[in-house]
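Structural features, examined
Listed here are the chains, written in short residue letters.
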Amino acid sequence: MLRAFPPRVLLLLFISMALFPAAAAAQPGSLPPIQAVYGFDREFPPFSYEIDGKPAGFEVELLNAALEGRNVQLKMVPMDWQRVQLDLSGGSIQITSGMARTPQRELLFDFSQLPTAPLKVRLYTRNENRVGNVIQLRGKAVSVQEGSLYERILQDFGGLNIKGYKSEHEALRALANGQVDAFGGADKTAAYYVQKLGLANVTPVGTPLEVTRIYYAISKETPELKKRLDQGLWELMENGGYVDLFRKWFVRDLTQEQIDRMVQSASSSLVNAYAPYSQDPQGAAVLGASGTIYTGVNVENRQPALTGSALRVAIYNAIANGETVLRGVVMMDAKGNIITPAGDDLQVLYEFGQEVLIVTRPAPDRMRIASILEMMPYPYGSTPPPLPLDE
């Protein structure tokens, strides 16, 4: 049996609907349905690829999470990258991923407000042949995927004896097998293949040749799709969903042996701290991608702005030795406490990889391994602007 609302309740309902019409319109069920085709690069792991004919990858999962509950019906179609760009221009697909923004592309496509991930194009060598700087690889044989963006970047760098291979994993195997002196490619894709193929002796060298960010690209004919995607990505950044996916796909857990080595190294370095003003000596240890650990201590100055923290000194020590991909850090004081890095230290650390893990000890009996994105989701100057309110 239906019951009538009392007049006072009805009045309150009418007032709330008049004052907050957007709230009622924002209910997922009230959004008109959108049908869209997502064409993705089938050979761009770990961002997008196929497993047994099914879509997989970080950007695939991120897109599904961002559009969940927003009444968007996606058809996912794996393609060659050249075909993706042509079909997005022609309108037969409405969205793709893994695209760097350029002035030319912005004339053709809309882009998500937030990038999906940073991307660095790097050179890699075998550990036994490591060099301190990429310039030292000029004149050497370097493998790369034929026809890729990375081949063009290597050509622009100049002085390299470039050897083209049909696929990125073949180019990496050529390095691991000693057929070439180095390999050039995207950092996260290279890391994926290094782990998948078990190429433990291959690590990045020196300064990246190019640093960029990649985005979702959306057809200019579907502004509502872009709007819902932007809202979803923003919510994932705020509720931690983005960090969870990033860690799942890109961050390699530290082993207990690696953690123990870093703690021991940070503790041993304390004897060299220069802390006459605070009387608070601190030591730090940084684990590089090659497995080498670099240490540092705080170096104080009468002018506080000139003081170097233990973590920054350790990071600079790694960089000075050509190790610009860092995996883990530990800071300690003279009492044996594990210290959480300060904001300035995190900003310096952020520059060398969002994959870095930080060993913390929030309680005497509890050790926690936190990703830098958990501790600093937005570095200085990169907090995205708020989205416009719904009309």
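What this report covers is the structure whose coordinates are included nearby. Each residue is numbered by its place in its chain's sequence as written, counting from 1. Where local features are concerned, this predicted model is filtered to residues with pLDDT of at least 70; where side-chain atom pairs are given and counted, the filter is 80 or more; whole-chain, interface and lining totals use all residues. Side-chain numbers here rest on the full set of heavy atoms in the structure, without hydrogens or water.

**Looking at the layout of surface pockets**
It is a probe the size of a water molecule, rolled over the atoms, that shows where empty space is left. How we decide: A cavity here means a set of 1 Å grid points, computed over protein atoms only, where a 1.4 Å probe fits but cannot escape. A pocket is an open set with protein on both sides within 12 Å along at least 5 of 7 lines, and lining residues have an atom within 4 Å of a point. Grid points are joined across faces, edges and corners, and a volume is the space filled by probe spheres set on the points. The secondary structure listing takes helices from DSSP runs of H or I that are at least 4 residues long and strands from runs of E that are at least 2 residues long, numbered from the N terminus. As a working rule, the residues Ala, Val, Leu, Ile, Met, Phe, Trp, Tyr, Cys and Pro are called nonpolar, Asp, Glu, Lys and Arg charged, and the rest polar, with Gly in that last group.
In this structure, the second largest pocket spans a volume of roughly 700 Å³. If you trace the second largest pocket, you find 27 residues lining it, with D41, W81, S148, L149 and Y150 closest to the centre. At the level of secondary structure, the elements contributing two or more residues to the lining of the second largest pocket comprise β2 (43-44), α4 (81-90), β6 (95-100), α6 (149-157) and β12 (202-219). Looking at the lining of the second largest pocket residue by residue, the classes come out as 8 nonpolar, 9 polar and 10 charged.

**Let's talk about the side chain of D333**
Rules: Burial classes: relative accessible area under 20% of the type maximum marks a residue as buried, over 50% as exposed, and values in between as partly exposed (1.4 Å probe, protein chains only). Counting rule applied: Lys, Arg positive; Asp, Glu negative; His and chain ends not counted. Note on definitions: salt bridges are taken to be side-chain nitrogens of Lys or Arg within 4 Å of carboxyl oxygens of Asp or Glu. In the analysis that follows, any N or O atom pair within 3.5 Å is treated as a polar contact, provided that within protein one partner can donate a hydrogen and the other can accept it, and provided that, for residues neighboring in sequence, both atoms belong to side chains. Note on contacts: a residue pair is in contact if any heavy atoms of the two residues lie within 4.5 Å.
Positionally, D333 belongs in strand β15 (residues 326-333). The side chain of D333 sits in the buried core without any salt bridge; K335 is the nearest counter-charge, 6.4 Å away. One polar contact links the side chain of D333 to the main-chain amide nitrogen of N337, over a distance of 2.8 Å. Look past the residues within four positions of D333 in its chain and what remains in contact with it is L270, D280, P281, Q282 and I339.

**Things to note about the sheet that holds strand β4 (residues 54-56)**
Heads up, the condition is: Here the rule is simple: two strands pair whenever DSSP picks up at least two bridges between them.
Spatial ordering of the open sheet is given by β2-β3-β4, a layout of 3 strands whose pairing is antiparallel. Bordering the open sheet on either side are β2 and β4, each of which pairs with just one other strand. Here strand β3 (residues 48-51) runs beside β4; their pairing, made up of 3 bridges, is antiparallel. Each residue of the ladder has a partner; that of I51, found in β4, is K54.

**Points about the packing of aromatic side chains**
Spelled out, the test is: Pairing of aromatic rings covers Phe, Tyr and Trp, the last through its six-membered ring, and needs centres within 6.5 Å; plane angles under 30 degrees mean stacked, over 60 mean edge-to-face, and all others mean tilted.
Scanning all chains against the criterion turns up 13 aromatic pairs. For the ring pair F44 and F47, a centre distance of 4.7 Å and an interplane angle of 25° mean the geometry is stacked. Considered together, F44 and F47 belong to a single accessibility category, that of buried residues. Aromatic side chains F58 and Y242 sit 5.9 Å apart centroid to centroid with 75° between the ring planes, which places their arrangement in the edge-to-face category.

**A few points about the pairing of β3**
Regular strands show a simple pattern: their side chains alternate between the two faces of the sheet. As paired elements, β2 and β3 share 2 bridges and run antiparallel to each other. From the neighbouring strand, F44 faces β3, where its bridge partner is S48. Once β3 ends, the chain turns through 2 residues before running back antiparallel as β4, passing D52 with a positive phi of about 55°.

**Regarding empty space enclosed by the protein**
This structure, assessed with the given rule, holds 1 cavity of 30 Å³ or more. For the largest cavity, the calculated volume is near 40 Å³. Around the largest cavity sit L62, L114, P115, T116, L233, M237 and Y242, which together line it. In the lining of the largest cavity, the residues fall into 6 nonpolar, 1 polar and no charged.

**Some words on the environment of T207**
Positionally, T207 belongs in strand β12. When neighbours within four sequence positions are excluded, T207 is seen to be in contact with V134 and T324.

**Overview of a nonpolar patch on the surface**
For the record, the criterion: Like charges within 9 Å and nonpolar side chains (Val, Leu, Ile, Met, Phe, Trp, Tyr) within 5 Å are joined into patches, using only residues over 30% in relative accessible area that form no salt bridge. Note on areas: Shrake-Rupley, 1.4 Å probe, and residue coverage restricted to the protein chains presented here.
Among the surface-exposed residues, Y274, Y277 and V299 lie close enough to one another that they form a single nonpolar patch of about 300 Å² accessible area. Mapped onto the elements of the fold, V299 is located in the loop between β14 (293-297) and α12 (310-320).

**Quick look at the nonpolar core**
Heads up, the rule is: Put simply, buried Ala, Val, Leu, Ile, Met, Phe, Trp, Tyr and Cys residues joined by side-chain atoms within 4.5 Å make one nonpolar core.
Among the nonpolar cores identified, the biggest contains 98 residues, and F58, L229 and Y242 are the most heavily contacted of them. Membership of the second largest hydrophobic core comes to 10 residues, among which are V37, M79, L88 and A217.

**Observations regarding the sheet that holds β15**
Let me state the cut-off plainly: Simply put, an axis is a line fit to the C-alpha atoms, just over the touching stretch for a helix, and the angle between two N-to-C directions goes from 0 to 180 degrees.
The 5 strands are arranged β14-β13-β15-β16-β17 in an open sheet whose pairing can be described as mixed. Each of the sheet's edge strands pairs with one partner strand only, and the pair in question is β14 and β17 (366-371). For this sheet, the mean angle separating the axes of adjacent strands, direction not counted, is 25°. As judged from the 5 bridges shared by strand β16 (residues 357-363) and β17, these two strands associate in the antiparallel manner. In the strand pairing of β17, T360 is matched with R368.

**Quick word on the side chain of R122**
The residue R122 is located in strand β8 (residues 117-126) in this model. Excluding anything up to four places from it in sequence, R122 contacts F183, G184, G185, D187, P204, V205, G206, P208, T324 and V325.

**Remarks on unusual backbone geometry**
Following P45, the chain continues into P46 via a peptide bond in cis, with omega recorded as 0°. Structurally, P46 is set in the loop between β2 and β3. In this structure, D52 is a non-glycine residue whose phi angle is positive, near 55°. With respect to the secondary-structure elements, D52 resides in the loop between β3 and β4. A relative accessible area of 77% places D52 in the exposed class. Non-glycine residue N71 carries a positive phi angle of around 60°. Considering the arrangement of structural elements, one finds N71 in the loop between α3 (58-67) and β5 (72-79). In this structure N71 comes out as partly exposed when scored by relative accessible area, which is 29%.

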